[in-house]
Amino acid sequence: MSLPDHLPRASLPPFEEVVTRHGATVLRVCRALLGPVDADDAWSETFLAALRAYPELPPGSNIEAWLVTIAHRKAVDIHRVRGRTPVPTENLPEPASATGSPGEGDDELWSAVAELPFTQRAALVYHYVGGLPYAEIGTILGNSPAAARRAAADGRVALRRRIEHGTGCRS
């Protein structure tokens, strides 16, 4: 159902402004889910898909959550492709991140995060890196807010166990 021509229609900000405003958050989420190598591709694919769908986005939508949802789907796609891709025999060092994003600094923590099951990792990343509430995380993951909260809690427990076991400390 469309509005009559004489009524004002709420408009969305220009897409360039959306990229400028939310690009860093989407990149942090992509890096936390996929690592620095695949994150740039996921970021680009996210904004290409968003550009195509942007004109149909209802005014007043939560653009950041919408973009994180698209990034999630792109990360899942890349994760699935990676599972079917042969592993090269030579190990090349990963370039250091220059933006202070996940993957730089606390290597033990991010290595432990990378080893979590995808749903736990995604719930933790969306909440702590993306700043999203569990209601939106549940929608992104295709489950309930309670299930998203449970996945994040299970991920935190697994991280604590792994880090405590690796360092030998008990807190």
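Each value, and the rule that gives it
Residues numbered from 1 in each chain as written. Predicted model: local features only at pLDDT ≥ 70, side-chain atom pairs only at ≥ 80, totals over all residues. Heavy atoms only, no water. UniProt positions renumbered as here; feature names shortened; annotations may be inferred. Helix = DSSP H or I, 4+ residues; strand = E, 2+ residues; numbered from the N terminus. Contact = heavy atoms within 4.5 Å. Polar contact = N/O pair within 3.5 Å; in protein donor to acceptor, adjacent residues only side chain to side chain. Core = buried A, V, L, I, M, F, W, Y, C linked by side-chain atoms within 4.5 Å. Buried < 20%, exposed > 50% of the residue type's maximum accessible area, 1.4 Å probe, protein only. Axes fitted to C-alpha atoms, helices over the stretch in contact; angles between N-to-C directions. Parallel < 35°, antiparallel > 145°, perpendicular 65-115°, else oblique. Left-handed = near helix turned anticlockwise from the far one by under 90°. Nonpolar A, V, L, I, M, F, W, Y, C, P; charged D, E, K, R; others polar. Salt bridge = Lys/Arg side-chain N within 4 Å of Asp/Glu carboxyl O. Lys, Arg positive; Asp, Glu negative; His and termini not counted.

In the nomenclature of an unreviewed UniProt entry, the protein chain corresponds to RNA polymerase sigma factor from the organism Rhodococcus pyridinivorans. The record held by UniProt for the protein chain lists under Sequence similarities (unreviewed entry) the comment "Belongs to the sigma-70 factor family. ECF subfamily."

Which parts of the structure should I look at to understand the overall build of the protein chain?
Counting its regular elements, the protein chain contains seven helices and zero strands. Element order for the protein chain, N to C, with α for helix and β for strand: α-α-α-α-α-α-α. For the protein chain, contacts bridging at least 24 residues in sequence account for 65% of all contacts bridging at least 6.

Looking at this structure, how should I read the side chain of histidine 72?
Relative to the assigned elements, histidine 72 resides in helix H3 (residues 63–84). Polar contacts involving the side chain of histidine 72 include one to the side chain of tyrosine 126, which spans 2.7 Å. The contact partners of histidine 72, leaving out residues within four places of it in the chain, are Phe118, Tyr126, Ile140 and Leu141.

Would you mind going over the nonpolar core with me for this structure?
Side chains of nonpolar character tend, in soluble globular proteins, to be buried together. In terms of nonpolar packing, the biggest core is built from 45 residues, with Leu33, Trp66, Leu67, Tyr126 and Ile137 touching the most fellow members. Put simply, the parts of the chain that give this core at least two residues each are helix H1 (15–34), helix H2 (36–53), H3, helix H4 (107–114), helix H5 (118–129), helix H6 (134–141) and helix H7 (145–167). Looking at which element gives the most residues to this core, the answer is H3, with ten residues. The contact partners of tryptophan 66, leaving out residues within four places of it in the chain, are Ala50, Ala53, Tyr54 and Leu57.

Would you mind showing me how to read the packing of H1 against H5 here?
The interhelical angle for the contact between H1 and H5, taken along N-to-C directions, is 150°, at an axis separation of 10 Å. As judged from the angle between their axes, H1 and H5 are roughly antiparallel. By crossing handedness, the relation of H1 to H5 is classed as right-handed. Every residue of H5 that contacts H1 at Arg28, Val29, Ala32 and Leu33 is listed here: Phe118, Arg121, Ala122, Val125, Tyr126 and Val129. Per-class residue counts for the contact of H1 with H5 are eight nonpolar, no polar and two charged.

Is there a simple way to explain the pattern of salt bridges in this structure?
Should their charged atoms come close, side chains of opposite charge can pair. Summed over the entire model, instances satisfying the criterion amount to three salt bridges. When the shortest N-O distance is used, the salt bridge between aspartate 40 and arginine 31 registers 4.0 Å. With a relative accessible area of 40%, aspartate 40 lands in the partly exposed category. Between arginine 150 and aspartate 154 there is a salt bridge whose closest N-O contact spans 3.0 Å. Taken together, the residues span about one helical turn, with arginine 150 and aspartate 154 both in helix H7 at a distance of four residues.

I'm lost on the side chain of arginine 121 in this one. Help?
Here arginine 121 lies in helix H5. One buried charge, arginine 121, has no salt-bridge partner; the nearest side chain with opposite charge is glutamate 115, at 9.5 Å. In terms of polar contacts, arginine 121 uses its side chain to reach the backbone carbonyl oxygen of alanine 114, at 3.0 Å. Each residue touching arginine 121, except ones within four places of it in the same chain, is listed here: Ala32, Leu33, His79, Val113, Ala114 and Leu116.

Can you walk me through the environment of alanine 42 in this structure?
Note on placement: alanine 42 falls in helix H2. Note on alanine 42: relative accessible area 0%, which makes it buried. For the pair alanine 42 and valine 26, spaced 16 residues apart in sequence, the C-alpha separation works out to 9.2 Å. Ignoring anything within four residues of it in the chain, the contact list for alanine 42 reads Cys30, Leu34, Lys74 and Ile78.

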